Amino acid sequence: MKPEVSIIIISWNGKEILRQCLDSIFNQKVAFDYEVIVVDNASQDGTVEMIRNNFKQVRLKTNEKNLGFAAANNLGIKMANAEFIFLLNQDIELEQGVLEGLARFLKKNSGNRIAAVAPMLNYPNGDLQMSLRPFPTPRNVLSDAFSFGKKHAQYYDYQKNQEVDQPMASCLM
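Residues numbered from 1 in each chain as written. Predicted model: local features only at pLDDT ≥ 70, side-chain atom pairs only at ≥ 80, totals over all residues. Heavy atoms only, no water.

## Quick word on helix α4 (residues 98-108)
Right, on to step 1. For α4, the complete set of buried residues consists of L99, E100, L102, A103 and L106. Buried residues in α4, looked at end-on, bunch into an arc of 165 degrees, giving them a common side. Across α4 from its buried face, at more than 90 degrees, point the exposed residues R104 and K108.
Right, on to step 2. The elements touched by buried residues of α4 are β1 (5-11), β2 (34-40) and β4 (84-89). (Buried < 20%, exposed > 50% of the residue type's maximum accessible area, 1.4 Å probe, protein only. Helix = DSSP H or I, 4+ residues; strand = E, 2+ residues; numbered from the N terminus. Arc of directions from axis to C-beta. Contact = heavy atoms within 4.5 Å.)

## Concerning the packing of helix α1 (residues 15-26) against helix α2 (residues 47-54)
Angle between the axes and distance between the axes are the two parameters that describe a pair of packed helices.
Right, on to step 1. Between α1 and α2, the least distance of the axes is 9 Å, while the angle of their chain directions is 30 degrees. On the basis of their axis angle, the class for α1 and α2 is roughly parallel. Crossing angle aside, the handedness with which α1 passes α2 is right-handed. Touching K15, L18, R19 and L22 of α1 are T47, M50, I51 and N54, all from α2.
Right, on to step 2. When the residues that make up the contact of α1 with α2 are grouped by side-chain class, the tally is 4 nonpolar, 2 polar and 2 charged. (Axes fitted to C-alpha atoms, helices over the stretch in contact; angles between N-to-C directions. Parallel < 35°, antiparallel > 145°, perpendicular 65-115°, else oblique. Left-handed = near helix turned anticlockwise from the far one by under 90°. Nonpolar A, V, L, I, M, F, W, Y, C, P; charged D, E, K, R; others polar.)

## Things to note about the nonpolar core
Soluble globular proteins: nonpolar side chains tend toward being buried together.
Right, on to step 1. Membership of the largest hydrophobic core comes to 27 residues, with the highest contact counts inside it found for I9, L22, F86, L88 and M173.
Right, on to step 2. For this core, the secondary-structure elements that each account for two or more residues are β1, α1, β2, α2, β4 and α4.
Right, on to step 3. Excluding residues within four positions of it along the chain, I9 makes contact with L18, C21, L22, I25, V36, I37, V38, V39, L88, N89 and Q90.
Right, on to step 4. Judged by nonpolar contacts, the second largest core, of 8 residues, contains I8, I10, V39 and A80. (Core = buried A, V, L, I, M, F, W, Y, C linked by side-chain atoms within 4.5 Å.)

## Side note on the packing of aromatic side chains
Right, on to step 1. Scanning all chains against the criterion turns up 2 aromatic pairs.
Right, on to step 2. Between F26 and F55, the ring centres sit 5.9 Å apart and the planes meet at 20 degrees, which makes this aromatic pair stacked. Separated by 29 residues along the polypeptide, F26 in helix α1 and F55 in the loop between α2 and β3 (59-62) bring together distant segments of the chain.
Right, on to step 3. Here F26 falls in the partly exposed class, since its relative accessible area comes to 25%.
Right, on to step 4. What makes F55 buried here is its relative accessible area of 6%.
Right, on to step 5. Through pairs of rings, three or more aromatic residues link up here, namely F26, Y34 and F55. (Phe/Tyr/Trp six-rings, centres within 6.5 Å; stacked < 30°, edge-to-face > 60°.)

## Some words on the pairing of β1
Right, on to step 1. For β1, the buried fraction is high: 7 of the 7 residues fall into the buried class.
Right, on to step 2. By the alternation rule, side chains of β1 split into V5, I7, I9 and S11 and S6, I8 and I10, which are all buried.
Right, on to step 3. In this structure, β1 lies alongside β2, joined through 7 bridges in parallel fashion. Note that in β2 the partner of I9 across the bridge is V38. (Pairing = 2+ DSSP bridges.)

## So, the pairing of β2
Right, on to step 1. Counting buried positions along β2 gives 6 out of 7 residues, so the element sits mostly inside the fold.
Right, on to step 2. Between the parallel elements β1 and β2, the chain passes through α1 in a crossover that is right-handed.
Right, on to step 3. Bridge count between β2 and β3: 4 bridges; the pairing is parallel. The partner of V38 across the bridge, within β3, is L60.
Right, on to step 4. Each parallel crossover has a hand, and for β2 linked through α2 to β3 it is right-handed. (Right-handed = clockwise from strand over helix to strand, strands pointing away.)

Here you go:
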């Protein structure tokens, strides 16, 4: 059966954080099939062995050298079989319902010119991560330069669904 979501994770020397990420994915309760693709950028810390020993359901692509984020994601996307592509950084842990919620939102809004969706991101301590950016107009660049640590916060209300210019690709479907 064709999966509904292909989750693509780029790994590089992050064995323990990747293990936590994968655990958070496989602990999701979802009503559809999904696949997990890990593209490893020549890790030297046992990441590949950890995946092979503990996550046999993961489709693994190993690179002989670090190709970088974009090139490795492109390899993962080429391997993907699903309707939706979910780019996920290895240091992200999904809260219950995120995977299903993002896919449901895209399906529900498929005719509304919505190309991607990203969730609100929080740091491990619960603090909000400023993960949305406006397009870099001269006004926005100047505003950010003088925002004193509140960069990007003035542009978006992180508590509501809204159109945004640039969500981070660290967790993007």
